[in-house]
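Each chain, letter by letter, is given below.
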Amino acid sequence: MTEVLLDALFQPFELKSLKLRNRVVMAPMTRSFSPEGVPGGDVAEYYRRRASHGVGLILSEGTVIDRPASSNDPNIPHFHGDAALAGWQRVIDGVHAVGGAMGPQIWHVGSVRSPMTDWVPASGIESPSGLVDATQTRGVAMTEEAIADTIAAFARAAADARRLGFDVVEIHGAHGYLIDQFFWGATNRRTDQYGGATLKARSRFAVEVVRAVRRAVGEEMPIVMRLSQWKQQDYAVRLAESPDAMAEWLVPLVEAGVDILHCSQRRFWDAEFPEIDGAGGLNFAGWAKKLTGAATITVGSVGLSGDFLGAFGGETSQPASLVNLIQRLERREFDLVAVGRALLSDPAWVHKLREGEPLAGFKPADLATLY
Ligand SMILES: Cc1cc2nc3c(=O)[nH]c(=O)nc-3n(C[C@H](O)[C@H](O)[C@H](O)COP(=O)(O)O)c2cc1C
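Residues numbered from 1 in each chain as written. Predicted model: local features only at pLDDT ≥ 70, side-chain atom pairs only at ≥ 80, totals over all residues.

A. View of helix α10 (residues 284-292). For α10, the buried fraction is high: eight of the nine residues fall into the buried class. Residues of α10 that are buried include every one of Phe284, Ala285, Gly286, Trp287, Ala288, Lys289, Leu291 and Thr292, and no others. Those residues of α10 that are buried are in contact with α8 (243-256), β10 (260-264) and β11 (295-299). (Buried ≥ 20, exposed ≤ 12 C-beta atoms within 10 Å, placed from the backbone. Helix = DSSP H or I, 4+ residues; strand = E, 2+ residues; numbered from the N terminus. Contact = placed C-beta atoms within 7 Å.)

Next up, the structure:
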């Protein structure tokens, strides 16, 4: 691929206090290499290495907030407590030392099991209505007091991110975890003000989280929110079936304080509403930007032949063309491009791409080490 073709990817980006050297974002990827929730020197080195090879913005693996039920795996990092926060301080200092920028992805797993362990928190499991999906029960429905405490815990994590010097904070509102369980009618059967018949009504919890995070970080630090139509409980689900429904979902989140919508898809080239603009039409990030005016990040099989679901099923992916991606970026359908597995497998992916060096793709064995 020629340098000219890649130009759009290597343009700087600025928003509020955030300054990025290029448009490449490392997608958040759970690695479970933080025993007792504390990210150690190996985790710091893993992120520093990717920043040193030119990634513009790193989003951390999901890191859990200060609620007893926020995690489903003891090796997932915490974003609370002195030891874990000291670990994150090393992470961000290392990334900054080599010219990178980074934000933690703050997370509560709701009632979702980890694919890696059967571990459950001593406190038990909590979610909007004690459901994993439309039919499966697990754990308890949250009281209003638990909801208020959870919102406060998201805000404390965001305040800590700012205090430690992170450049952005990302709220994990995607993939069927807690915040998404509030959005989704199948898992939110509440009859109080956090439930309701419309997506807008069920977005109240997320809106309150965003408002609290905004109060915690001030006006200048960008807030990123990750969202998806699909759920790991059901890959075919769509929260918003039309652009109007999508606007009702996203506009209140942006009004509450989200600066950047991180629009999670398995394949970035899939049109979100092909019935409107055809099979090559706008993707999720494209529609989100058009409907809200906010900056957006696209993601999903960038530079790879197969999607990440296949990866969990043991599939290898080969390097794939970036032409379609760059054309969309040049048309300003979205602002930033997140890359997951390609960067998990090769810390020098950005550097090699820019220099035209051969790329290796992804193999499932790469999940086993933190290189
Ligand atoms: C090992 C692994 C762990 C992941 N963990 C997270 C996570 O903690 N939070 C999140 O929002 N997405 C997570 N994802 C999804 C990725 O961020 C990304 O959206 C997905 O891999 C698609 O990008 P890719 O095709 O470039 O890999 C994970 C993906 C992988 C492969």
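B. Structural context of the site of the ligand. Around the ligand, 25 residues are found, and the nearest of them are Ala27, Gly62, Phe308, Gly340 and Arg341. For the shell around the ligand, the secondary-structure elements that each account for two or more residues are β4 (57-64), α11 (308-312) and α13 (341-345). By residue class, the composition of the shell around the ligand is twelve nonpolar, nine polar and four charged. (Near = placed C-beta within 6 Å. Nonpolar A, V, L, I, M, F, W, Y, C, P; charged D, E, K, R; others polar.)

C. Quick peek at the packing of helix α4 (residues 144-164) against helix α7 (residues 204-217). The geometry of α4 relative to α7 is characterised by a closest axis approach of 8 Å and an angle of 35 degrees between their N-to-C directions. α7 is crossed by α4, and the crossing has right-handed handedness. Contacts from Ile147, Ile151, Ala152, Phe154, Ala155, Ala158, Ala159 and Arg162 of α4 reach α7 at Phe205, Glu208, Val209, Ala212, Val213, Arg215, Ala216 and Val217. (Axes fitted to C-alpha atoms, helices over the stretch in contact; angles between N-to-C directions. Left-handed = near helix turned anticlockwise from the far one by under 90°.)

D. Structural view of the UniProt feature "domain: NADH:flavin oxidoreductase/NADH oxidase N-terminal" (unreviewed entry) in the chain. Sequence positions flagged by UniProt for "domain: NADH:flavin oxidoreductase/NADH oxidase N-terminal" (unreviewed entry) are, in local numbering, residues 9-358. For residues 9-358, the end-to-end C-alpha separation is 18 Å, with 36% helix and 15% strand making up the annotated structure. (UniProt positions renumbered as here; feature names shortened; annotations may be inferred.)

E. Geometry of the pairing of strand β9 (residues 223-228). Across the six residues of β9, six count as buried, placing the element largely inside the fold. Residues of β9 alternate between two faces, with Ile223, Met225 and Leu227 on one and Val224, Arg226 and Ser228 on the opposite face, all of them buried. Where strand β8 (residues 169-172) meets β9, four bridges bridge the pair, whose relative direction is parallel. Looking across to β9, one finds that His172 is bridged to Arg226. Here five bridges tie β9 to β10, and the two strands are oriented parallel to one another. For Arg226, the partnering residue across the bridge sits in β10 and is His262. Handedness of the crossover joining β9 and β10 through α8: right-handed. (Pairing = 2+ DSSP bridges. Right-handed = clockwise from strand over helix to strand, strands pointing away.)

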